[in-house]
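Coordinate analysis (summary)
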Amino acid sequence: MSEHAVVGKGVPRVDALEKVTGAAKYGADINFPGMLHARIFRSTEVHAKILSIDTSEAEKLPGVHAIITQDDIPTGRAVFAKEKVLYYGEPLGAVAATDPDIAEEAAELVKVEYEPLPVVQDVMESIKPDAPHLLNDRTKDGPRRRVITRQLKKLSKETGEDNSAEIERLNAELGGLDDEIYYNVAGETHESAGDVEQGFAESDVVVEGTYTIPRVHQVYMEPHVSVAQAEPSGKLTVWASTQGHFAIRSGIAGVLGIPLSDINVVGVTMGGGFGGRFNIQATHVPAVILSQKTGRPVKAQLNREEEFLDGRPGAGCVIKLKTGVMDDGTIVARKALAFWDCGSVAGGPIANTIRIRGVYKFPHLQMDAYAVHTNKSGTTSYRAPGAPQAIFAAESQLDEIATIIGMDPVDLRMKNMREEGDQVPAGATEPIVGYKETLKAAADAVDWWNREKGPNQGWGVAVGDWTNGCGPGAVYVSVHEDGSVRLFHGSMDITGTDTAMAQIAAEVLTVPYEQVSITRGDTNSAPYNTGSGGSVVTFTMGNTAKLAAEDARGRLLELAAQRLNTDIEHVELRDGKVSLTNGDAPKSLSLGELAAYSLSTTGGPIVGKGSLSGRLSAPAVAVQIAKVEVNPETGNTKVLRTVASQDVGFAINPIAVEGQIEGGVVQGYAWSMMEEMQYDEKGNVNPGFVDYRVPTTADIPRIESVIVEVPAPNGPYGAKGVGEPSLTPTLATFANAVTDATGVRINDLPIKPEKIVNALKSNGNGSR
Amino acid sequence: MRKHPISFTVNGDLQELFVEPRKTLLAVIRDTIGLTGTKEGCSTGDCGACTVIVDGEPVTSCMMLGVSANGKEVTTIEGISNPGELHPVQQAFLEKGGYQCGFCTPGFIMAAKALLDDNPDIPEDEMRHALGGNICRCTGYTKIIEAVLSAAETMRANA
Ligand code: FES
Ligand code: FES
């Protein structure tokens, strides 16, 4: 946009040089003299009672300095398993030694005795009464039982009327619903609007399906790592490769039971996170406690196999989905029952099952979601947690409906899309949104209504949505005597958010981008900051940087007015100078001159401050269209073309924004075509890149990004969060394209070649 | 464990070291010599983050023992630019936005450099296959391929 000088331009990132020269220091690159190396020893059983842990042989190995187990955790909070292991690879303790190879050898010398217990890996098995009960046996009622129980309660409250016949009938019905009691439930969430059963009764067409989405790993390229140094005073310094160093500080303080002020966390450059690098992870506490025990710096680092065995991947789930529509395509009702596999730790993005409502308006909705335990590691966020899974189910089913009622899939979506002021099912009313614009942009980019396809080729479209978060953050801006501008904050940068902040400061202070630099502080020096995830950073920190720069601008104008003997209304900041707007002779002062002048004023040096804790964010949407070709003999599928349009509000740095879109799309294809963490009674069976294949340059064509800009009222220059929406529609886009190419629909991800071949066989047709 | 004497060059500097036979070239470069630009993403030869150039060939240094580097010439990411002057592949990654977190970047740049040193005319589809041993989880590869294509152009012009 021409009205801006710096924002909206694809300038190189502030960290470009250090990244392309190998100078950037990541977690594993932090080294200190005398540093020890930690190795975690792990369960070799999937579900078992621990009878004994014997570390005596390991202790004897020369070079071993300390070994810790759960008994060394001061607060007793669970860090290592003590009584029982719940998955293969669960941490039992850690060793510190002078060399990583010695630490590994020592870990292998630890002897553990177990009493094996029965294993359950499938959520649909785990909810049954005869499944092994992994943690507290918290049984839960299912959705139909809940409705009846609610009716019973209501009836028994109504006085003066004899409801006994009705109560009896409902009790009998309840008795017939024993299959609705779920076991191993770790959490649940419910949402409803209207009356979904009535909605189905009124619908012309009702479609039902079960969708299975596997657990996948974030596969950030740098495995978890932390370095800790305990000082004799008791103070701790931790170098953490993390999405948010303030959360690491509070996490460690909690486990150790010590004050926040005793811990300084230095956030170092991180090799990707995608949600998997929030909060304390496997390496932080072991490094800290081993350093406390030995008085030496300790580095704890996972390898890739440990990442798969003991990382916190994105949750898989089974979603039963039902949608009712009228013959003209109007969506009437939708109902979801979801079981999320949260592994051995309560969690899982159950609340985001609500994403099945998509960006459509319809009156009747019901959503019941449960988190269910299995013998796997726990889960955590993965880029738009829960949304790709829910949207895969929703957008696959919508395509099926389009085929049944004979309507074009883009038209069907366009017809039902919400606009500003529309009611969000079980939500508020929609603010200004760019759903239709974004769908149209994608359709136009491929000339959708004139699309052509050869034999075994197909087109697919899907729509995904997400709303960025906004967390607390603060920025200081200083202006120096040479006219340079420096930003200081405590936000971790992965995707180029520092660059966006620098661009914004340059824009406000009207200086060249190159004149702005940026420093990230550790938790001792920087103001508090929310973690970098949930697409919050550009929205939050962009706003904060803008506030700080505007604050500095105010001070510059004030100083200039003073210096030029005029009122603040008669000066303006432009091209890095403050000039008189009313004088006869042009008079101006540069930023550098003003900064130098400020040093001898009563107000002192120029510092701008921006600080905020929340602003209402705006929903973003991503629409993707793919053209694929399926080989009906082998099932191999090639993505021939892929277009990704996204409403980003305003692209502060279009190159960075495209990069976010492209990266998300490829992660989406990975999930749809190839990635899946596989488990059996022995635990995770594909803990490496040979069996857990991720896409490379050879697998995916160029992504065609289309940037749509419907400004967010509260975003900096209108920007919305861009990191997460891009992954949300890809899974369904691919599935829909494969169906268009083959005539068969596969609701069980990933859509691997053998599944296509089998589906074609049972469908009795080769190709179409 | 007994250490073996080895002698080889890294970025032109002679290194004479005593190395345990179990240490990989990657461990020697990062931990013994202290050049941390080369990254470890998997330690099984499957991600390319540790790619260096040994006697002109791209090598995943996690799969080569340090002792096998004896007598060889090793180039790492730290050895391909001069102060104030990036290698064309680095320059192209910078300009095209061919990185995000940057963890795969040193390995990718070294693999691309070796590829283009060998054949700066390589067509895109062959390039995509040749670089298929390097995983990037952030970029989706579109801008990486753009960068390598643009570097190829520069290198052809410079040749
Ligand atoms: S670390 Fe060597 S290939 Fe991955
Ligand atoms: S830039 Fe992060 S892995 Fe490639």
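Residues numbered from 1 in each chain as written. Chains lettered and ligands numbered in written order. Predicted model: local features only at pLDDT ≥ 70, side-chain atom pairs only at ≥ 80, totals over all residues. Heavy atoms only, no water.

**Some points on the overall build of chain B**
Worth spelling out the cut-off: The helix count covers DSSP runs of H or I at least four residues long, the strand count covers runs of E at least two residues long, and both are numbered beginning at the N terminus. Relative accessibility under 20% of the residue-type maximum defines a buried residue, over 50% an exposed one, and the middle range a partly exposed one, all with a 1.4 Å probe and only protein chains included.
A count of helices and strands for chain B gives 5 helices and 5 strands. Helices and strands in chain B line up, N terminus first, as β-β-α-β-β-β-α-α-α-α. For chain B, the C-alpha atoms occupy an extent of roughly 45 × 30 × 25 Å along the three principal directions. Taken across its 159 residues, chain B has 56% of its residues classed as buried.

**Side note on the overall build of chain A**
The condition that has to hold: Throughout, a residue-residue contact means that at least one pair of heavy atoms, one from each residue, lies within 4.5 Å. The convention is simple: Lys and Arg are positive, Asp and Glu are negative, and His and the chain ends are not counted. Charged groups are reduced to one reference atom each: NZ for lysine, CZ for arginine, CG for aspartic acid, CD for glutamic acid.
If you tally the helices and strands in chain A, you get 19 helices and 28 strands. With the principal axes as the frame, chain A shows a C-alpha extent of 90 × 75 × 70 Å. Residues classed as buried in chain A amount to 61% of the 768 residues present. Considering only contacts within chain A whose residues lie at least 6 apart along the sequence, 80% involve residues at least 24 apart. Of the charged side chains in chain A, 71 are positive and 98 negative, and the gap between their average positions amounts to 1 Å.

**Thoughts on the domain arrangement of chain A**
Residues and elements named next belong to chain A. Threshold: Throughout the structure description, domain borders are defined by an automatic or database domain assignment. Computed with a 1.4 Å rolling probe, the buried area is the accessible surface lost when two parts are put together, summed over both parts. For salt bridges, the criterion is a side-chain nitrogen of Lys or Arg within 4 Å of an Asp or Glu carboxyl oxygen. Under this definition, polar contacts are N or O atom pairs within 3.5 Å; protein pairs additionally need one hydrogen-donor-capable and one acceptor-capable atom, and for neighbouring residues in sequence, both atoms have to be side-chain atoms. Here the term charged refers only to Asp, Glu, Lys and Arg, the term nonpolar to Ala, Val, Leu, Ile, Met, Phe, Trp, Tyr, Cys and Pro, and the term polar to all other amino acids, Gly among them.
Taken domain by domain, chain A comprises domain 1 (31–117 + 224–301), domain 2 (429–463 + 618–763) and domain 3 (470–612). For domain 1 versus domain 3, the separation of C-alpha centres amounts to 41 Å. Counting from both sides, the interface comprises 16 residues of domain 1 and, opposite them, 16 residues of domain 3. Between domain 1 and domain 3 lies a buried interface of about 1,300 Å² when both sides are counted; carbon and sulfur atoms form 59% of it. When the buried surface of domain 1 facing domain 3 is broken down by residue, H245, F246 and N264 rank first, second and third, together holding 44% of it. In this assembly, domain 1 and domain 3 are joined by 0 salt bridges. The interface formed by domain 1 and domain 3 holds 7 residue pairs in polar contact (both at pLDDT 80 or more) in total. For the side of domain 1 that touches domain 3, the secondary-structure elements that each account for two or more residues are α8 (245–256) and β11 (263–267). It is β11 that contributes the most residues to the side of domain 1 that touches domain 3, 5 residues altogether. A breakdown of the residues in the side of domain 1 that touches domain 3 according to their chemical character gives 7 nonpolar, 8 polar and 1 charged.

**Focus on the sheet that holds strand β17 (residues 473–479) of chain A**
Residue and element names in this part refer to chain A. Put simply, the rule is: Paired strands, in this sense, are two strands between which DSSP finds at least two bridges. To get an axis, fit a line to the C-alpha atoms, keeping to the stretch in contact for a helix; angles then go from 0 to 180 degrees between the N-to-C directions.
Across the sheet, 4 strands lie side by side as β19-β18-β17-β23; this open sheet has mixed pairing. Taken across any chain shown, the strands that pair with only one partner, and hence form the sheet edges, are β19 (516–520) and β23 (607–612). Put simply, the sheet's adjacent strands are angled 20° from each other on average, direction ignored. Judged from the 5 bridges that link them, strand β18 (residues 485–489) and β19 form a sheet pairing that is parallel.

**Considering the interface of chain A and chain B**
Buried accessible area, meaning the area lost when the parts come together, often serves as the stated size of an interface. On the chain B side, the residues contacting the 57 residues of chain A number 45 residues. Of the roughly 3,900 Å² buried between chain A and chain B on both sides combined, carbon and sulfur atoms contribute 55%. Summed over the shared surface of chain A and chain B, the result is 9 salt bridges. The salt bridge partner of A:E658 is B:K143, with a shortest N-O separation of 2.6 Å. Summed over the shared surface of chain A and chain B, the result is 30 residue pairs in polar contact (both at pLDDT 80 or more). Tallying contributions element by element places helix α17 (residues 654–673) of chain A first for the side of chain A that touches chain B, with 9 residues. Split into classes, the residues belonging to the side of chain A that touches chain B amount to 28 nonpolar, 15 polar and 14 charged.

**Thoughts on the domain arrangement of chain B**
All names here are of chain B. As assigned here, chain B comprises domain 1 (4–79) and domain 2 (88–158). Between domain 1 and domain 2, a total of about 1,100 Å² is buried, with carbon and sulfur atoms accounting for 71% of that surface. There are 0 salt bridges connecting domain 1 and domain 2. Residues that form the side of domain 1 that touches domain 2 fall into these classes: 5 nonpolar, 6 polar and 3 charged.

**Description of the sheet that holds strand β5 (residues 91–97) of chain A**
All names here are of chain A. An order of β3-β5-β1-β12-β9-β10-β11 is seen for the 7 strands of this open sheet, with the pairing classed as mixed. One side of each edge strand has no neighbouring strand; the edge strands of this open sheet are β3 (64–69) and β11. Taking the axes of each pair of neighbouring strands and ignoring which way they run, one obtains an average angle of 20° across the sheet. Packing of helix α3 (residues 100–109) onto the sheet brings it into contact with β1 (36–42), β3 and β5, and relative to β1 it is tilted by some 25°. Along the sheet, α8 contacts β10 (236–240) and β11; its crossing angle with β11, the most-contacted strand, is approximately 145°.

**Focus on the pairing of β10(A)**
Walk down a regular strand and you will see the side chains alternate between the two sheet faces. Residue and element names in this part refer to chain A. Put simply, the rule reads: Think of it like this: strands point away, you trace from the first strand over the helix to the second, and a clockwise trace means the crossover is right-handed.
Of all the 5 residues making up β10, 5 are buried; the element is thus mostly covered by neighbouring parts of the structure. When strand β9 (residues 225–230) meets β10, the two strands line up antiparallel, connected through 5 bridges. Looking at β10, one finds that V227 is bridged to W239. What sits between β9 and β10 in their antiparallel hairpin is a turn of 5 residues, with G234 showing a positive phi close to 100°. Read from β10 through α8 to β11, the crossover connection turns out right-handed.

**Let's talk about the nonpolar core**
Using the following cut-off: Throughout this description, the term nonpolar core refers to a set of buried Ala, Val, Leu, Ile, Met, Phe, Trp, Tyr and Cys residues connected via side-chain atoms within 4.5 Å.
With 141 residues, the main nonpolar core has A:I319, A:F689, B:F93, B:L116 and B:L131 as its most contacted residues. Not counting chain neighbours up to four residues away, the residues in contact with A:I319 comprise A:G209, A:T210, A:Y211, A:I213, A:A336, A:L337, A:A338, A:Q389, A:A390 and A:A393.

**Topic: the packing of aromatic side chains**
Residue and element names in this part refer to chain A. To keep it simple, the criterion reads: Stacked, tilted and edge-to-face are the three classes assigned to paired rings of Phe, Tyr and Trp, where Trp is represented by its six-membered ring and a pair needs centres within 6.5 Å; plane angles under 30 degrees give stacked, over 60 edge-to-face, the rest tilted. Charge-over-ring contacts are defined here by two conditions on Lys NZ or Arg CZ: a distance within 6 Å of the ring centre and an angle within 35 degrees of the ring normal.
One pass over the structure, following the stated rule, counts 14 aromatic pairs over all chains. Between the aromatic rings of F339 and Y370, the centroid separation amounts to 5.7 Å while the plane-to-plane angle is 20°, which identifies the pairing as stacked. Of this pair, F339 sits in strand β14 (residues 331–343) while Y370 is found in strand β15 (residues 364–373), placing the two residues 31 residues apart along the sequence. The exposure classification of F339 matches that of Y370, with both residues buried. By the ring-pair criterion, three or more aromatic residues cluster together here, those being Y182, F339 and Y370. The ring of Y220 has R277 sitting right over it, with the charged end atom 4.6 Å from the ring centre.

**Considerations on the environment of B:A92**
Topologically, B:A92 is positioned in helix α2 (residues 88–96). If we skip the residues at most four places from it in the chain, B:A92 touches B:A147, B:S150 and B:A151.

**Examining the pattern of salt bridges**
All names here are of chain A. Counted by the stated rule, this structure contains 53 salt bridges over all chains. Among the ionic pairs, K235 bridges to D262, the shortest N-O distance being 3.5 Å. Linking K235 in the loop between β9 and β10 with D262 in the loop between α8 and β11, this pair joins segments that are 27 residues apart in sequence. On the basis of relative accessibility, which here comes to 39%, the residue K235 falls in the partly exposed class. With a shortest N-O distance of 2.6 Å, R413 and E395 are connected by a salt bridge. Placement of R413 in helix α12 (residues 409–416) and of E395 in helix α11 (residues 387–405) is noted, with a sequence separation of 18 residues between them. With a relative accessible area of 2%, E395 lands in the buried category.

**Things to note about the layout of surface pockets**
Basically, it comes down to this: The rule is simple: put a 1 Å grid over the protein atoms alone, call a set of points where a 1.4 Å probe fits but cannot get out a cavity, call an open set with protein on both sides within 12 Å along at least five of seven lines a pocket, and count a residue as lining if it has an atom within 4 Å of a point. Grid points are joined across faces, edges and corners, and a volume is the space filled by probe spheres set on the points.
Reported here for the largest pocket is a volume of approximately 1,300 Å³. Looking at the largest pocket, it is lined by 49 residues, and the ones nearest its centre are A:R39, A:E104, A:N303, A:E306 and B:S43. For the lining of the largest pocket, the secondary structure elements donating two or more residues are β1, α3, β6 (111–116), β12 (298–301) and α10 (304–310) of chain A together with α1 (25–32) of chain B. Split into classes, the residues belonging to the lining of the largest pocket amount to 23 nonpolar, 11 polar and 15 charged. If you add up the space inside the second largest pocket, you get close to 840 Å³. In terms of lining, the second largest pocket is formed by 33 residues, of which the most central are A:A78, A:V79, A:Y87, A:R312 and A:V345. Considered class by class, the residues forming the lining of the second largest pocket number 16 nonpolar, 10 polar and 7 charged.

**A closer look at unusual backbone geometry**
Residues and elements named next belong to chain A. With an omega dihedral of -10°, the bond running from L749 to P750 counts as a cis peptide bond. Secondary-structure assignment places P750 in the loop between α18 (730–742) and α19 (753–763). Look at N279: it is not a glycine, yet its phi comes out positive at around 60°. Locating N279 in the fold gives a position in the loop between β11 and α9 (284–294). One non-glycine residue, N565, adopts positive backbone phi at about 55°. Here N565 is to be found in the loop between α15 (537–563) and β20 (571–574).

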